[in-house]
Amino acid sequence: MTKPVIGFIGLGLMGGNMVENLQKKGYEPIVMDLDKEAVAAVVARGATEASSPAELAAASDIVMLCLTTSSVVEKLVYGENGILSGIKEGAVLIDFGTSIPASTRKIGAELAKKGAGMIDAPLGRTPAHAKDGLLNIMASGDPKTFDKVKPVLEQQGENVFYLGALGAGHTTKLINNFMGMTTVCAMSQAFAVADRAGVDRQQLFEIMSTGPSNSPFMQFCKKYAVDGVSDLGFSIANANKDLGYFLEMVKDLGTRAEIAEGTSSNLKAAVDAGMGNGNVPEIFDYFLNLDK
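Residues numbered from 1 in each chain as written. Predicted model: local features only at pLDDT ≥ 70, side-chain atom pairs only at ≥ 80, totals over all residues. Heavy atoms only, no water.

**Description of the sheet that holds strand S9 (residues 157-162)**
Here's step 1: Spatial strand order, S7-S8-S9: 3 strands in an open sheet with mixed pairing. Each having just a single partner strand, strand S7 (123-124) and S9 make up the two edges of the open sheet.
Here's step 2: Where S7 and strand S8 (residues 135-139) come together, 2 bridges link them in antiparallel fashion. Bridging from a neighbouring strand, Gly124 pairs with Asn136 of S8.
Here's step 3: On the sheet, helix H8 (residues 143-156) packs against S8 and S9 and is oriented at approximately 165° with respect to S9. (Pairing = 2+ DSSP bridges. Helix = DSSP H or I, 4+ residues; strand = E, 2+ residues; numbered from the N terminus. Contact = heavy atoms within 4.5 Å. Axes fitted to C-alpha atoms, helices over the stretch in contact; angles between N-to-C directions.)

Structure below.
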């Protein structure tokens, strides 16, 4: 069976590894990224570089995006020589990033006018999982469109979840990240308060980890707060962006999320303190040095 032509925009750590995985499985993608070294690396393995999003979309059966923000996605879709101007009837756009659900639904409606489909498919797990095709993928959209691209998604994810109507994937990812980042902030602050109160951080970990508070997130927080090792590959800046998106989504739903507001405030303060590039457990340093 002939493999679909894949266009891929966004060759950061996650996207670059996703493309490498596809190439190992026989795909010859068309790619774009502002980082020309990243482009050169995948071109050396057989990819082709496109000169514009419209050119990439016109040549692709499936257009994949792995980008940082909804505004970047919208710029590439709606801009001059954008995806919307080039995408062909029957093609599918897949957004692997973490985006605002309302923006996703708006793009999907515009693509439908062109006879094209859209799937939002945000990701779980790490770039290392991406390289091996072992991601968790939270996909949503029209069922027939999902079925069309499911075989390719299964080349990229160990677990591919179908969540329903377009936007449900991004909604689920934002809820997931709200839970995860709030947990990391709470645990990191617990270690910081313990330190300032004269409680040994290692002992605190030993006590907490024997009860229901134990979790992979506690292990990440302990590695930094106790062992000085930072290996959760997700930045404070990204967490801050995602919590902002979560709050925007909650506002669109006509309610409030006061716990998320607190987490967002902590993350924003850490970013403003110059810590944005650090991994999320490094917010421990912000809490450790926080004064009244």
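Read on for the rest.
**Thoughts on the pattern of salt bridges**
Here's step 1: Scanning the model with the defined rule gives 14 salt bridges in all.
Here's step 2: Notably, a salt bridge pairs Lys106 with Glu74, separated by 3.4 Å at the nearest N-O pair. One end of the pair, Lys106, is in helix H6 (residues 101-113); the other, Glu74, is in helix H4 (residues 70-78), with 32 residues separating them in the sequence.
Here's step 3: In this structure, Lys113 engages Glu110 in a salt bridge whose closest nitrogen and oxygen atoms are separated by 3.4 Å. Of the two residues, Lys113 and Glu110 are both situated in helix H6; the distance of 3 residues between them amounts to about one turn of the helix.
Here's step 4: Residue Lys113 is classed as exposed on the basis of its relative accessible area of 67%.
Here's step 5: Residue classification places Glu110 among the partly exposed positions, given a relative accessible area of 28%. (Salt bridge = Lys/Arg side-chain N within 4 Å of Asp/Glu carboxyl O. Buried < 20%, exposed > 50% of the residue type's maximum accessible area, 1.4 Å probe, protein only.)

**So, the sheet that holds strand S5 (residues 92-95)**
Here's step 1: Taken together, 6 strands build an open sheet; the order of strands is S3-S2-S1-S4-S5-S6 and the sheet is parallel. Where the open sheet ends on each side, the last strands, each with one partner, are strand S3 (48-49) and strand S6 (117-120).
Here's step 2: The sheet contact formed by S5 and S6 spans 4 bridges and is parallel. From the neighbouring strand, Asp95 faces S6, where its bridge partner is Asp120.

**Structural notes on the pairing of S6**
Here's step 1: Judged by which residues are buried, S6 turns out to be covered on both faces: Gly117 and Ile119 on one side and Met118 and Asp120 on the other are all buried.
Here's step 2: Considered for its hand, the β-α-β crossover made up of S5, H6 and S6 is right-handed. (Right-handed = clockwise from strand over helix to strand, strands pointing away.)

**Some thoughts on the packing of helix H12 (residues 236-252) against helix H13 (residues 258-275)**
Here's step 1: Closest axis-to-axis distance for the H12/H13 pair is 9 Å, and the angle between their directions is 145°. The hand of the H12/H13 crossing is left-handed. From H12, Ile236, Ala237, Ala239, Asn240, Leu243, Phe246 and Leu247 reach across to H13, where they touch Ala260, Glu261, Thr263, Ser264, Leu267, Lys268, Ala270, Val271 and Met275.
Here's step 2: Looking at side-chain class alone, the contact of H12 with H13 contains 11 nonpolar, 3 polar and 2 charged residues. (Left-handed = near helix turned anticlockwise from the far one by under 90°. Nonpolar A, V, L, I, M, F, W, Y, C, P; charged D, E, K, R; others polar.)

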